[in-house]
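Notes for the structure review
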Amino acid sequence: MMNIEKLLFVTKFEELGFDALKSLLALRKAGLEHVVFVNVIEKERFAMSRVGYRKDEEIRLRETANIRFIDWAESLFEMGMEAGVYIVVGSLVPEILKAAEKEATDLIVIGRSHKGVLDQLYSGSDVTELLRRSATPVLVYKHMSETTLALEKPFERPLLATDWSPACHKAVDYLKTLEGIIEEIHLIHVITEKELADSPSHTSHTIQKARKQTRKKLEEVCDIFEERGITARAHIYIGNAEDEIEKAAREHQASMIVLGSSAKASWAERWIGSTPREIAEKSMFPCLLIPPEKSAS
Amino acid sequence: MSKKVLVVDDDPDVRLFSVTVLEENGYSPIEAANGEEGLKMIKAEKPDLIILDVLMPRQSGIRLYREMKTDKALKDIPIIILSGIAKKTFLRSQKAMTEFGGKPVPEPEIYLEKPVEPEELAATIKKVMGG
């Protein structure tokens, strides 16, 4: 059984604030009791923008982060929760992974920058690197100004896009423990144009047969959720995976998109698939990426 | 033999500060960097006093304090809380944890909010240790 008891909340403050954390506290119903805050002071970038490295600037940044975290931790403590803090100087992704491992967290939450093009490039590659290397599920949270969607309850209406990979099966295990938090889940599978073109006889019958088989598999997953009292609906889309998943999330008013983070091919298991990467970096929805077992780098 | 004092704090600078104050006042300090490590050391070393931070990785001082005060073998070891977290927050958190099904625990003997002056810490230690 996978419970989200401990969460790692990675912030640079400007992109993820306490309001974002508060929206995740609904997870208390599913056993969340400990939040670990992480702020990484990135020495390389810091040094790039100045002449040399200044210790006094590091102290200022550390203390600024510390004051914010004390305030946030006090709010959690007063709710009877546990809180911890890491303020470290180093490279973002390795420091996040180190903290996640030390703390044995069940979920990493990271924001995606919403600033200039250069920042987006940095941020995009950081998020991608984290998704690729993390053995822990990662929720890529979006800044409030990017969307007017109901970020107050991100787990209320997830959309799980499955390609039947092991990571997707793990995502089902992860989500099914969230009864009482998930109100309704939408399961989708995207049949690509290529899959249809590759089928032996590209007829109406074979297309409908593929739809029927996929539908049956989706319904079986729906049953897993329904048994736990979570309303689940199955949907099939045809086309480009990234576009269709985004479309489905909009059509079903999803509060987040959930994906398995690995490609299906075994040679690529250590690499995040292109669809999860594209969606995590570009979607207007928060994205929860679930890695397959033993995918730590 | 000098009395053994365990300093539990994740900040190495604060540990160094407390250890220096303790050594200058004739105590034998030992150190732990988080609540989890602290609890192991408390059980192994049976210190005469604990100086405890609240906001730490792995396990907070709030949880460690709770574990100690509900453990018959450890509950009488005096604790000085030395933290940036406000005392009223500490007390409210303990109340909330009790409401969530935990046992009620007594208030800490002494609660000092960071930062403290060395003289203040030394005087507090002496007071608690009956020196």
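Below you will find a few notes about this structure. Because the structure is a prediction, the values reported are computed rather than measured.

Calculation rules
- Residues numbered from 1 in each chain as written.
- Chains lettered and ligands numbered in written order.
- Predicted model: local features only at pLDDT ≥ 70, side-chain atom pairs only at ≥ 80, totals over all residues.
- Helix = DSSP H or I, 4+ residues; strand = E, 2+ residues; numbered from the N terminus.
- Buried ≥ 20, exposed ≤ 12 C-beta atoms within 10 Å, placed from the backbone.
- Contact = placed C-beta atoms within 7 Å.
- Nonpolar A, V, L, I, M, F, W, Y, C, P; charged D, E, K, R; others polar.
- Pairing = 2+ DSSP bridges.
- Axes fitted to C-alpha atoms, helices over the stretch in contact; angles between N-to-C directions.
- Parallel < 35°, antiparallel > 145°, perpendicular 65-115°, else oblique.
- Left-handed = near helix turned anticlockwise from the far one by under 90°.
- Expected span 1.5 Å × (residues − 1).
- Arc of directions from axis to C-beta.
- Right-handed = clockwise from strand over helix to strand, strands pointing away.

Right, let's get into unusual backbone geometry. Look at the link from Lys114(B) to Pro115(B): it is a cis peptide, with omega at -5°. Among the secondary structure elements, Pro115(B) is positioned in the loop between β5 (110-113) and α5 (118-129). One non-glycine residue, Ala104(A), adopts positive backbone phi at about 50°. As for its placement among the helices and strands, Ala104(A) is situated in the loop between α4 (92-103) and β4 (107-111). Look at Ala104(A) and you get exposed, because 11 C-beta atoms sit within 10 Å. At Lys46(B), a position not held by glycine, the phi torsion is positive, near 45°. Turning to its location among the elements, Lys46(B) is positioned in the loop between α2 (35-45) and β3 (49-52).

Moving on, we come to the interface of chain A and chain B. Across the boundary between the two partners, chain A contributes 15 residues, which contact 17 residues of chain B. Residues that form the side of chain A that touches chain B fall into these classes: eight nonpolar, two polar and five charged.

A word on the sheet that holds strand β7 (residues 184-191) of chain A. All names here are of chain A. Spatially, the 10 strands line up as an open sheet ordered β3-β2-β1-β4-β5-β10-β9-β6-β7-β8, and their pairing is mixed. At either margin of the open sheet sits one strand with a lone partner, and together these are β3 (82-90) and β8 (231-238). Averaged over all pairs of adjacent strands, the angle between their axes in this sheet comes to 20°, without regard to strand direction. The pairing of strand β6 (residues 158-161) with β7 spans three bridges and is classified as parallel. Paired with Leu-159 across the strands is His-186, a residue of β7. Across the face of the sheet, α4 comes into contact with β1 (6-10), β2 (34-42), β3 and β4 while running at roughly 155° to β2. Of the strands in this sheet, β6, β7, β9 (256-260) and β10 (287-290) touch helix α6 (residues 166-176), which is tilted by about 135° from β9.

The subject of this paragraph is the sheet that holds strand β4 (residues 79-83) of chain B. Within a sheet, each strand pairs with its neighbour through backbone hydrogen bonds, oriented either parallel or antiparallel. All names here are of chain B. Strands sit in the order β2-β1-β3-β4-β5 across an open sheet of five strands; the sheet is parallel. In this open sheet, the two strands that pair with only one neighbour each are β2 (28-32) and β5. Across the sheet, the mean angle separating the axes of adjacent strands is 20° when strand polarity is ignored. By the bridge criterion, four bridges tie β4 to β5 in an arrangement that is parallel. Each residue of the ladder has a partner; that of Ile-80, found in β5, is Ile-110. Strands in contact with α2 are β1 (4-8), β2 and β3; relative to β1, the strand with the most contacts, it is inclined by about 165°.

All names here are of chain A. Axis separation between helix α9 (residues 241-251) and helix α10 (residues 274-282) bottoms out at 9 Å; the angle between their running directions is 50°. In terms of orientation, α9 lies oblique with respect to α10. For the element pair α9 and α10, the recorded crossing hand is right-handed. Contacts between α9 and α10 involve Ala-241, Glu-242 and Ile-245 from the first element and Thr-275, Glu-278 and Ile-279 from the second.

Looking now at helix α4 (residues 87-99) of chain B. With 13 residues, α4(B) should reach 18 Å at 1.5 Å per residue; the first-to-last C-alpha distance of 18 Å fits that figure. Regarding α4(B), the residues found buried are Phe90(B), Ser93(B), Gln94(B) and Met97(B). Taken end-on, α4(B) shows its buried residues confined to a sector of 100°, consistent with a single buried face. Of the exposed residues in α4(B), the ones pointing more than 90 degrees away from its buried face are Lys88(B) and Glu99(B). Buried-residue contacts for α4(B) involve α3 (55-78) of chain A together with α3 (61-69), β4 and β5 of chain B. One or two positions beyond α4(B), positive phi appears at Gly101(B), with a value near 105°.

As a further point, take the pairing of strand β5 (residues 138-141) of chain A. Residue and element names in this part refer to chain A. Burial of the side chains of β5 extends over both faces: Val-138 and Val-140 are buried on one face and Leu-139 and Tyr-141 on the other. Relative to β5, β4 runs parallel, the two sharing four bridges. From the neighbouring strand, Gly-111 faces β5, where its bridge partner is Tyr-141. Sheet topology note: the β5/β10 ladder contains three bridges and is antiparallel. Opposite Val-138, over in β10, you have Leu-289 as the bridge partner.

Residue and element names in this part refer to chain A. Buried residues dominate β1, accounting for five of its five residues. Of the two faces of β1, the one carrying Lys-6, Leu-8 and Val-10 and the one carrying Leu-7 and Phe-9 are both buried. After leaving β1, the chain enters helix α1 (residues 18-24) and then returns to the sheet as β2, a path that is right-handed. Of the pairings in the sheet, the one linking β1 to β4 comprises four bridges and is parallel in character. Bridge pairing in β4 places Leu-7 opposite Leu-107.

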